[in-house]
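Chains, contacts and geometry: an overview
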Amino acid sequence: MAFELELQVGPHGWPLIVDKARGITVNYRGPQPEGTPNLLLHMPDGDVEGTVSDDTDLSGKPELNVLWTVRDMRGLGAKVSKARQKDIMAALKEALEALSFRKQAIKMKEVPVVKSVTVDFSKMAWE
């Protein structure tokens, strides 16, 4: 994977997911109030924000099937073309896969075996 995890400087410690080769940074801010974006992508050709929820079943199983559900995405400052939407979704999927291992370990207080990671775009709307 091209993305690397870094800890953000600040009181919350939400992870930054960085792809230095492609100049993409994803800031995942964790759960937020309803309607508040919790994901910010800094990309070379503009920023995008969205709402993503972690719908993973954490019922104590040692093997996890991680599920991220992307609710909405929008470009900041400009409308997002169809071609760019595909690039954004691919980068977001890769970043969430990289984040999954660290995030689930924090929730479970131990390092789980991540069996699969699914990023569900079926409920997503572009604004």
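Residues numbered from 1 in each chain as written. Predicted model: local features only at pLDDT ≥ 70, side-chain atom pairs only at ≥ 80, totals over all residues. Heavy atoms only, no water.

Moving on, we come to the overall build of the chain. When helices and strands are tallied, the chain shows 1 helix and 8 strands. Each helix and strand of the chain, placed in order from N terminus to C terminus, yields the pattern β-β-β-β-β-β-α-β-β. In the chain, buried positions account for 44% of the 127 residues. Of the roughly 7200 Å² that the chain leaves accessible, carbon and sulfur atoms contribute 55%. (Helix = DSSP H or I, 4+ residues; strand = E, 2+ residues; numbered from the N terminus. Buried < 20%, exposed > 50% of the residue type's maximum accessible area, 1.4 Å probe, protein only. Areas by Shrake-Rupley, 256 points an atom, 1.4 Å probe, with all protein chains shown as cover.)

Burial runs high along strand 3 (residues 24-28): 5 of the 5 residues are buried. Alternating residues of strand 3 divide into Ile-24, Val-26 and Tyr-28 and Thr-25 and Asn-27, and every residue in both groups is buried. With 4 bridges connecting them, strand 2 (residues 15-19) and strand 3 associate as antiparallel partners. The residue bridging Leu-16 from the neighbouring strand is Asn-27, located in strand 3. (Pairing = 2+ DSSP bridges.)

A complete count under the given rule lists 8 salt bridges for this structure. For Glu-4, the salt bridge is made with Lys-20, and the minimal N-O distance between the two is 3.8 Å. Of the two residues, Glu-4 sits in strand 1 (residues 4-7) while Lys-20 sits in the loop between strand 2 and strand 3, which places them 16 residues apart along the sequence. A salt bridge links Arg-74 to Glu-49, with the shortest nitrogen-to-oxygen separation between them at 2.6 Å. Taken together, the residues Arg-74 in strand 6 (residues 63-75) and Glu-49 in strand 5 (residues 46-54) connect sequence positions 25 residues apart. For Arg-74, a relative accessible area of 32% gives the class partly exposed. One salt-bridge network, held together by shared partners, links Glu-4, Glu-6 and Lys-20. (Salt bridge = Lys/Arg side-chain N within 4 Å of Asp/Glu carboxyl O.)

Let us now look at the pairing of strand 2. Among the 5 residues that make up strand 2, 5 are buried, leaving the element largely enclosed by the rest of the structure. Covered by surrounding structure in strand 2 are Pro-15, Ile-17 and Asp-19 together with Leu-16 and Val-18, the residues of both alternating faces. Counting the residues between successive antiparallel strands, the hairpin from strand 2 to strand 3 contains 4 residues, one of them, Gly-23, with a positive phi of roughly 70 degrees.

What follows is about the packing of aromatic side chains. In total, this model carries 1 aromatic pair according to the counting rule given. For the pair Tyr-28 and Trp-68, a centre-to-centre distance of 5.5 Å together with 85 degrees between the ring planes defines the contact as edge-to-face. With a gap of 40 residues between them, Tyr-28 in strand 3 and Trp-68 in strand 6 connect regions that are remote in the sequence. The residues Tyr-28 and Trp-68 share a single accessibility class, namely buried. (Phe/Tyr/Trp six-rings, centres within 6.5 Å; stacked < 30°, edge-to-face > 60°.)

Attention now goes to the confidence of the model for the chain. Where the model shows low pLDDT, its predicted coordinates should not be examined in detail. Of all residues in the chain, 83% attain a pLDDT of 70 or more, and the chain-wide mean is 84. Mean pLDDT across the elements of the chain bottoms out in strand 1 (78) and peaks in strand 5 (92). (pLDDT = per-residue confidence, 0-100.)

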